[in-house]
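Here's the letter readout for the chains.
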Amino acid sequence: MDAFLIAYLVPGLLVNLFSESMNQALIPTLVRVRETDGPARAQDLLSSAMVWTCVLLAGGSMVMALGAHLFFPLVVPHFSENKLLLTERLFYGLLPIVLIAGIASNCAAVLNTVERFAWPALIPVVWPIAIIIGAWYWGPQTGIWSLVYANVLGSLVYAVLMVGMMQTHCYRFHLHWYGANEATREVAGQYGPVLLSGLVASGGLLVDQGMAAMLPSGSVSTLVYANRFVSVVLNLLAGAIATAVTPYFSQLVARRDWDGCRHTINTYVRITALISVPVALAMIFGSHLLVRLTYQHGAFGAQDTAAVAPAQAMYAIQLPFFIVSRVFYRYLVAIRRTSLILYCGVINLVLDVVLNLVCMRWYGVAGIALATSLWTISTFVFLCYWTYRLLPARVSNVREEQLV
């Protein structure tokens, strides 16, 4: 499991790095072009953007494939030679996921711009279903490779369904470069800082798992198990918020409706805080019970529960701060202040390394989880400050001052 989780880390990072960064840079411009220049121009922009996304995903995969033999020993230097070799082989098997999942992610983001939320949120369930079936069917014969085969199959089914849905409801899946124009240059200008920010954030994840590999064997798995339920909550709540507000912020900014932006920010901040704080408290104080009821079966024993539960509680501290900060994050992306996202990412990476070194000495694997929560609080403060500083004054107040 340690080898598989480290091998899976890179494809996941590449998808987030190239595809998710393109989504954040593309969606505000795509909405603006559709409203001002019409659907045809928006389709051309989408086709060009998808060409670049596929080129970056394929290129990144090739670079990582060529450098895997050098990369993994740096990330997990404490792995044995056999464990490193297994990690590399599993990684090569998982590489097709990068391009497949990247395309699916683009299609889901585009569907959200036309207010299609339910099915893009539900369709990804085919992926974990495929993993469950694959582990059950292939597991006895192929062992850990059953997870590789099932992940590739699940991602392929997911992508086919997303492409089909996008073509049915809004845009065609058409890979064609229409040349550089104002819209593509705008996307490219925003993509650079977002991409670098994603690279920095990916570095933080590599740092965490690499430092966990310095601890006793099984620590990487402990860290990943501890983050499972927290990740589910983050994906459900933060993902839902980001999905809902991104196209809405893009429309408001395109219309320069700053009162609407302020109202949306304040409303979603209150809603996310009211939902996420009780969930975080429940996960912190109920961590041991949750791990014992869900994980403690078969080879996962009481000793494993004792290791995972404290780390999960430390991870859960971040929940309200991370979820609320997504509102600020999406507003800053909508107003094209992506450079601030990059600065925030650099600060977080430095904090992550320093806090890991300090907290690991006291709490071991749980210390890495605590460090993550601490720099998440720093992110919340940073994004909140810049959101309200860059939010224009209320239009009504400005008009009153002009009348006076």
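Note: the structure precedes this text.
No experiment lies behind these values; they were computed from the predicted model shown.

Participant: How would you summarise the overall build of the protein if you had to cite specific residues and measurements?
Facilitator: Of the regular secondary structure elements, the protein holds 16 helices and 0 strands. A compact globule built from 404 residues should have a C-alpha radius of gyration of about 22 Å, and the protein, at 22 Å, falls within 12% of that. Overall size of the protein, expressed as C-alpha extent along the three principal axes, is 70 × 45 × 35 Å. Within the span of the protein, comprising 404 residues, buried residues form 50% of the whole. With the model as given, the accessible surface of the protein reaches about 18900 Å², and the carbon-plus-sulfur share is 67%. The distance from the centre of the 22 positive side-chain charges to the centre of the 17 negative ones in the protein is 3 Å.

Participant: Which residues make up the packing of aromatic side chains, and what are the values?
Facilitator: Taken as a whole and assessed by the stated rule, the structure comprises 19 aromatic pairs. On the numbers, 5.3 Å between centres and 70° between planes, the contact of phenylalanine 71 with phenylalanine 72 is edge-to-face. On the basis of relative accessibility, which here comes to 0%, the residue phenylalanine 72 falls in the buried class. Connected via pairs of aromatic rings, a cluster forms that spans Trp136, Tyr137, Trp138, Trp145 and Tyr149. When the ring centre of phenylalanine 79 is taken as reference, the NZ or CZ atom of lysine 83 above it lies at 4.3 Å. Taking the ring centre of phenylalanine 322 as reference, the NZ or CZ of arginine 326 above it sits at 4.4 Å.

Participant: How would you summarise the nonpolar core if you had to cite specific residues and measurements?
Facilitator: Counting 95 residues, the largest nonpolar core has Leu26, Leu30, Leu46, Phe91, Met162, Met166 and Leu319 as its most contacted members. Among the elements that take part in this core, helix 1 (residues 2-37) stands out by supplying 19 residues, more than any other. Residue contacts for leucine 46: discarding those within four places in its chain leaves Leu26, Leu30, Val110, Met166, Tyr171 and Arg172. Counting residues in each nonpolar core, the second largest holds 24 residues, with Phe249, Trp258, Val324 and Ile335 among its members.

Participant: Kindly report on a nonpolar patch on the surface, identifying the contributing residues and their values.
Facilitator: A contiguous nonpolar patch, built from Val346, Val350, Val354, Leu357, Val358, Trp362 and Tyr363 and spanning about 730 Å² of accessible area, is present on the exposed surface. Position of valine 350 relative to the elements: it lies in helix 14 (residues 338-363).

Participant: Before we move on, can you summarise unusual backbone geometry with the specific residues and values?
Facilitator: With a phi angle near 60°, arginine 256 is a residue other than glycine that sits in the positive phi range. Its place among the elements puts arginine 256 in the loop between helix 9 (219-254) and helix 10 (258-285). Residue arginine 256 is classed as exposed on the basis of its relative accessible area of 58%. The backbone of arginine 336 sits at a positive phi, close to 65°, despite the residue not being glycine. Locating arginine 336 in the fold gives a position in the loop between helix 13 (319-334) and helix 14. By relative accessible area, which is 25% here, arginine 336 ends up partly exposed.

Participant: Residues and numbers for the packing of helix 9 against helix 15 (residues 365-390), please.
Facilitator: In the contact formed by helix 9 and helix 15, the axes pass within 9 Å of each other and the chain directions differ by 45°. When the interaxial angle is binned, helix 9 and helix 15 end up oblique. Here the hand of the crossing between helix 9 and helix 15 comes out right-handed. Residues Ser219, Thr222 and Leu223 of helix 9 lie in contact with helix 15, whose contacting residues are Val365, Ile368 and Ala369. Split into classes, the residues belonging to the contact of helix 9 with helix 15 amount to 4 nonpolar, 2 polar and no charged.

Rules used in this analysis
- Residues numbered from 1 in each chain as written.
- Predicted model: local features only at pLDDT ≥ 70, side-chain atom pairs only at ≥ 80, totals over all residues.
- Heavy atoms only, no water.
- Helix = DSSP H or I, 4+ residues; strand = E, 2+ residues; numbered from the N terminus.
- Rg over C-alpha atoms; globule rule 2.2 N^0.38 Å.
- Buried < 20%, exposed > 50% of the residue type's maximum accessible area, 1.4 Å probe, protein only.
- Areas by Shrake-Rupley, 256 points an atom, 1.4 Å probe, with all protein chains shown as cover.
- Lys, Arg positive; Asp, Glu negative; His and termini not counted.
- Charge placed at Lys NZ, Arg CZ, Asp CG, Glu CD.
- Phe/Tyr/Trp six-rings, centres within 6.5 Å; stacked < 30°, edge-to-face > 60°.
- Lys NZ or Arg CZ within 6 Å of the ring centre and 35° of its normal.
- Core = buried A, V, L, I, M, F, W, Y, C linked by side-chain atoms within 4.5 Å.
- Contact = heavy atoms within 4.5 Å.
- Patch = residues over 30% accessible without salt bridge, like charges linked within 9 Å, V, L, I, M, F, W, Y side chains within 5 Å.
- Salt bridge = Lys/Arg side-chain N within 4 Å of Asp/Glu carboxyl O.
- Axes fitted to C-alpha atoms, helices over the stretch in contact; angles between N-to-C directions.
- Parallel < 35°, antiparallel > 145°, perpendicular 65-115°, else oblique.
- Left-handed = near helix turned anticlockwise from the far one by under 90°.
- Nonpolar A, V, L, I, M, F, W, Y, C, P; charged D, E, K, R; others polar.

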